[in-house]
Amino acid sequence: MTQDIVTKIAVLGGTGNEGSGLALRWAYAGYDVAIGSRQPQKALAVAAGLDELLGKELVHGMSNRDAAAWADIVVLTVPYAAQAAILEEIRDVVQGKVFVNVTVPLDPDNVRRARMPAAGSAAVEAQQALGPDVQVVAAFQNISATYLKEVEHELDCDVLVCGNDKEAKRQVIKLARAANLHAWDAGPIENSLVVEGLTSVLIHLNITHKAKASGIRITGISR
Ligand SMILES: NC(=O)c1ccc[n+]([C@@H]2O[C@H](COP(=O)([O-])OP(=O)(O)OC[C@H]3O[C@@H](n4cnc5c(N)ncnc54)[C@H](OP(=O)(O)O)[C@@H]3O)[C@@H](O)[C@H]2O)c1
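Along each chain, the written sequence defines residue order, and numbers are assigned to residues from 1. Only residues with pLDDT of at least 70 get local features here, since the model is predicted, and only at 80 or more are side-chain atom pairs given and counted; chain-wide, interface and lining totals rely on the full set of residues. Note that water and hydrogens are dropped before the side-chain values are worked out from all heavy atoms of the structure.

Visitor: Where do I start with the overall build of the chain in this structure?
Guide: Secondary structure counts use DSSP, requiring at least four H or I residues in a row for a helix and at least two E residues in a row for a strand, with both numbered from the N terminus. Secondary structure assignment for the chain yields 7 helices and 8 strands. In terms of C-alpha radius of gyration, the chain reaches 16 Å, essentially the compact-globule figure of 17 Å for 223 residues. Reported as C-alpha extents along the three principal axes, the dimensions of the chain are approximately 40 × 35 × 35 Å. In the chain, which comprises 223 residues, the proportion classed as buried is 51%. The contact criterion used is simple: two residues touch if any of their non-hydrogen atoms lie within 4.5 Å. A separation threshold of at least 6 residues defines the contact pool for the chain, and within that pool the share at least 24 residues apart is 74%. Here the globule rule reads 2.2 Å times residues to the power 0.38, and the radius of gyration is calculated from C-alpha atoms. The cut-offs for exposure are 20% and 50% of the maximum accessible area for each residue type, with area from a 1.4 Å probe on protein chains only; residues under the lower value are buried, those over the upper are exposed, and the others partly exposed.

See below:
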């Protein structure tokens, strides 16, 4: 346990590879974590699986909306096509909270080719949909799910954290550290278009080099 005051984190779509991996790392670090799903039973089953890996009963499972209402920090890890509907579903229960967007607007016709929505990025769309009282932070879009469940494995990829609220970014940088990752404040929410676009570059590199988890590192600044 590394937390003094336990923060409650909901991972919506946390039944998937990316969300369940992040959820496991945060539960391992001592956060109180809930998996959200369209089907509460599925969330409970995934939570039980993570508890088995942890050797303790730590992870909750519930509907996406209940998880968003329960948490202090809400993390979205669903396919981009599902983002707009889920934002609409949880809008009222996330007001005043930090909302972390991991979702990447991949082009279903070619995931190796970056394609951004008209608003600029999925995270900018989330900020517009949720309104100014939600602190939207874009982060973790370049972290492959491949090794997330190996909780002690230090991933060779930095986290670029974009958002308009400094305190919200500070909290998300702390979450990255808890997940054994190095994170940087990468500027305002608009910069998330670069970070989301990088995911297509990394997918291209993975395919070309038969790799599982290529990543990016910031150089030239001491850590
Ligand atoms: N996988 C990676 O390595 C990776 C890396 C970086 C970023 N990302 C991004 O993170 C997000 C999640 O990735 P993932 O690989 O975990 O995705 P995933 O396994 O395909 O989906 C995650 C969860 O989203 C929910 N979902 C799927 N379709 C939905 C729909 N139509 N409406 C509502 N919910 C739906 C499902 O949960 P329920 O069925 O339980 O509701 C599913 O378990 C994506 O945007 C991806 O681009 C992924």
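Visitor: So what exactly am I meant to see when it comes to the site of the ligand here?
Guide: It suffices for a single heavy atom of a residue to lie within 4 Å of a molecule or strand for the residue to be listed as near it. The local shell around the ligand holds 20 residues, among which T15, S37, R38, K42 and V78 are the closest. Polar contact is defined as a pair of N or O atoms within 3.5 Å, subject to the rule that within protein one atom must be able to donate a hydrogen and the other to accept it, and that residues adjacent in sequence are counted only when both atoms are side-chain atoms. Here an oxygen atom of the ligand and a side-chain polar atom of S37 are 2.5 Å apart. For the ligand, an oxygen atom lies 2.9 Å from a polar atom in the backbone of R38. Using a 1.4 Å probe, the Shrake-Rupley method yields the accessible areas, and only the shown protein chains count as cover for residues. Protein coverage of the free-state accessible area of the ligand, which is 880 Å², stands at 75%. Residues are grouped as follows: Ala, Val, Leu, Ile, Met, Phe, Trp, Tyr, Cys and Pro are nonpolar; Asp, Glu, Lys and Arg are charged; every other residue, Gly included, is polar. Of the residues belonging to the shell around the ligand, the class tally is 8 nonpolar, 9 polar and 3 charged.

Visitor: Please clarify how the sheet that holds strand β1 (residues 8–12) should be interpreted in this entry.
Guide: Adjacent strands of a sheet form backbone hydrogen bonds with each other and so pair up, either parallel or antiparallel. By this definition, two strands are paired if DSSP reports at least two bridges between them. One open sheet accounts for 8 strands, arranged β3-β2-β1-β4-β5-β6-β7-β8; its pairing is mixed. Where the open sheet ends on each side, the last strands, each with one partner, are β3 (59–63) and β8 (183–185). Averaged over all neighbouring strand pairs, the angle between strand axes comes to 25°, with direction disregarded. The pairing of strand β6 (residues 135–138) with strand β7 (residues 159–163) spans 2 bridges and is antiparallel. Paired with V137 across the two strands is G163, which belongs to β7. Helix axes are fitted to C-alpha atoms over the stretch in contact, other axes to C-alpha atoms as well, and angles between N-to-C directions run from 0 to 180 degrees. In the packing of helix α2 (residues 40–54) onto the sheet, the strands contacted are β2 (32–37) and β3, and the crossing angle to β3 comes to about 170°.

Visitor: I tried to follow the packing of aromatic side chains on my own but got confused; where do I start?
Guide: In this description, an aromatic ring pair is defined by two values, namely the gap between the centres and the angle between the planes. Put simply, two rings from Phe, Tyr or Trp (the six-membered ring, in Trp's case) pair if the centres are within 6.5 Å, and we call them stacked under 30 degrees between planes, edge-to-face over 60, tilted for the rest. Inspection of the entire model under this criterion finds 1 aromatic pair. Summarising the aromatic geometry, the rings of W26 and F140 are spaced 5.6 Å apart at their centres and angled 70° between planes, so their arrangement reads as edge-to-face. You can see W26 sitting in helix α1 (residues 17–29) and its partner F140 sitting in the loop between β6 and β7, a full 114 residues away along the chain. By relative accessible area, which is 0% here, W26 ends up buried. F140 sits in the buried class, given a relative accessible area of 1%.

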